[in-house]
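# A structural walkthrough
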Amino acid sequence: MGFSCGIVGLPNVGKSTIFNALSASHAQAEKYPFCTIEPNMARVPVPDERLDKLADLIKPQKLTPASLEFVDIAGLVEGAHKGEGLGNQFLAHIREVDALLHAVRCFEAGDVAHVAPEISPGEDIATIKTELILADLQTLERAMLKTEKLVKGGDKEAAEAMVTFRKVENSLNDGILVRLQDLSKEDQEHIGEYRLLTAKPTIYIANCGEESTPTVERYRAQVEEAAAADGCQTITIFGKLEAELSELDRDEAGDFLQELGLEESGVERLIKVGYQVLDLVTFFTIVSDEVRAWAVPRGTEAPAAAGKIHTDMQRGFIRAEVVPYKVFIEHGSYQAVREKGLVHTEGRDYEVRDGDIILFRFNV
């Protein structure tokens, strides 16, 4: 069970530079469109101070953080829904991810071409949104053609789905993204399998290049305004600076951030917010010489969480022995919390909470 965030936007807005900063994998970043045709992918550790504190207490030989997958998707252009600029291929890549990181250019650089005559974050955002809406309308059109045949055959469930499709279609034609539409649980189930692009949670990234200037701040304000209208968060990143920062070791990077008066990098904030918009929670396991963090969707029940570790554990699930993180830290060891009777036993319907430290009991 993986969780992925796709970096999208127009060509030459700094997507691959941001990806480099996230992954330190040095994906190709050239000064011309479509240099990233096959999407670059990287699994990135999720910063979590709790894991570090557990490590300080337990001194494990191995420490494994939770992770997110980030996908660097090549730039979209106007007409992408019709196949312009390899649009169909790139839209397919977007369909496979769970959340979108919409990178918007907020920097000026004479040696890096922009697809439009002038840099205008508001218009750039509108272009991408339009292409995603038009792509979703095409998806719905195909779904309705298929479903209409079932409706004519008397399929009641298909008739209900058709009502949802038409409602969503009408709202999209009015420019309302799917994630902003008032849809019931049943509506969401009807459209779920189609992985509509505008239904995905989205974060806007204001890529400000290397430095802040009055012009850059004006551009960034446009991104924040558009994000607020879409009910999204904005993360400001100085992409080139962040890519250079990612090449330093942890202590050097920390010193550099301190000099800048920052507690964490823009990339770290981006990872954390990505985790939030995917509505994930973290549980921890302490087994042998390893402390490990695991990511699961909020509301995941104990057997499914056990299955994240190994399918045999889900099949043979007996119970979960749970200690909240704060209780564990307060007493310092699993033995101490057990002696004080602070370990609580949970069954199959227990929903894992953020920060739970869990020992799963199961039959092999």
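As the structure is a computational prediction, the values presented were derived from the model and not from experiment.

### A word on the side chain of Arg-95
Take Arg-95: it is sitting in helix 3 (residues 87-95). With no salt bridge to any partner, buried Arg-95 finds its closest opposite charge in Asp-136, at an N-O distance of 4.3 Å. In this structure, Arg-95 is in contact with Asp-136, Thr-139, Tyr-194, Arg-195, Leu-196, Leu-197 and Lys-200, ignoring residues within four places of it in sequence.

### Section: empty space enclosed by the protein
Evaluation of the coordinates by the stated rule reveals two cavities of 30 Å³ or more. Taken as a whole, the largest cavity holds about 80 Å³ of empty space. Lining the largest cavity are Val-8, Leu-100, His-102, Ile-128, Lys-129, Leu-132, Leu-177, Arg-179, Leu-197, Thr-198, Thr-202 and Tyr-204. Within the residue set of the lining of the largest cavity, elements represented by two or more residues are strand 5 (99-105), helix 4 (121-152) and strand 6 (202-207). If one sorts the elements of the lining of the largest cavity by residue count, helix 4 sits on top with three residues. Of the residues assigned to the lining of the largest cavity, the class counts are seven nonpolar, three polar and two charged.

### Details of the packing of aromatic side chains
For the coordinates displayed, the defined rule picks out five aromatic pairs. Taken together, the ring pairs connect Phe-283, Trp-294, Phe-317 and Phe-360 into an aromatic cluster.

### Structural notes on the sheet that holds strand 2 (residues 40-45)
Sheet strands pair by backbone hydrogen bonding; their relative direction is either parallel or antiparallel. Pairing is mixed across the open sheet formed by six strands, whose spatial order is 2-4-1-5-6-7. In this open sheet, the two strands that pair with only one neighbour each are strand 2 and strand 7 (233-237). This sheet shows a mean twist of 25 degrees between the axes of neighbouring strands, independent of strand direction. The pairing of strand 1 (residues 4-8) with strand 5 spans four bridges and is parallel. Considered in strand 5, the bridge of Gly-6 is made with Leu-100. Running over the sheet, helix 7 (residues 214-229) touches strand 5, strand 6 and strand 7 and is turned about 160 degrees from strand 7. Docked against the sheet, helix 10 (residues 266-277) engages strand 2, strand 4 (67-72), strand 5, strand 6 and strand 7, running at close to 160 degrees with respect to strand 7.

### Notes on the confidence of the model for the chain
Model confidence for the chain is summarised by a mean pLDDT of 86, while 88% of its residues fall at 70 or above. Taken as a whole, residues 25-37 scores under 50 in pLDDT and shows 35 contacts with residues more than four places along the chain or in a different chain. Taken together, the stretch residues 83-87 has pLDDT below 50 and engages in nine contacts with residues farther than four places along the chain or on a different chain.

### Some words on the layout of surface pockets
Looking at the largest pocket, its volume works out to about 1,300 Å³. Along the wall of the largest pocket there are 40 residues; nearest its centre are Val-46, Pro-47, Asp-48, Glu-268 and Lys-272. When residues in the lining of the largest pocket are grouped by element, the largest group, six residues, is from helix 10. In terms of residue class, the lining of the largest pocket is built from 20 nonpolar, seven polar and 13 charged.

### Describing the pairing of strand 6
Counting buried positions over the six residues of strand 6 gives six, a clear majority of the element. A two-sided burial pattern is seen for strand 6, the buried positions comprising Thr-202, Tyr-204 and Ala-206 on one face and Ile-203, Ile-205 and Asn-207 on the other. Bridge count between strand 5 and strand 6: six bridges; the pairing is parallel. The residue bridging Leu-101 from the neighbouring strand is Ile-203, located in strand 6. The pairing of strand 6 with strand 7 spans five bridges and is classified as parallel. Pairing of Tyr-204 across the sheet is with Thr-234, part of strand 7. Crossover strand 6 to strand 7 through helix 7 is right-handed.

Reading the values: the criteria
- Residues numbered from 1 in each chain as written.
- Predicted model: local features only at pLDDT ≥ 70, side-chain atom pairs only at ≥ 80, totals over all residues.
- Heavy atoms only, no water.
- Helix = DSSP H or I, 4+ residues; strand = E, 2+ residues; numbered from the N terminus.
- Buried < 20%, exposed > 50% of the residue type's maximum accessible area, 1.4 Å probe, protein only.
- Lys, Arg positive; Asp, Glu negative; His and termini not counted.
- Salt bridge = Lys/Arg side-chain N within 4 Å of Asp/Glu carboxyl O.
- Contact = heavy atoms within 4.5 Å.
- 1 Å grid on protein atoms, 1.4 Å probe; cavity = no way out; pocket = protein on both sides within 12 Å on 5 of 7 lines; lining within 4 Å.
- Points joined across faces, edges and corners; volume = space filled by probe spheres on them.
- Nonpolar A, V, L, I, M, F, W, Y, C, P; charged D, E, K, R; others polar.
- Phe/Tyr/Trp six-rings, centres within 6.5 Å; stacked < 30°, edge-to-face > 60°.
- Pairing = 2+ DSSP bridges.
- Axes fitted to C-alpha atoms, helices over the stretch in contact; angles between N-to-C directions.
- pLDDT = per-residue confidence, 0-100.
- Right-handed = clockwise from strand over helix to strand, strands pointing away.

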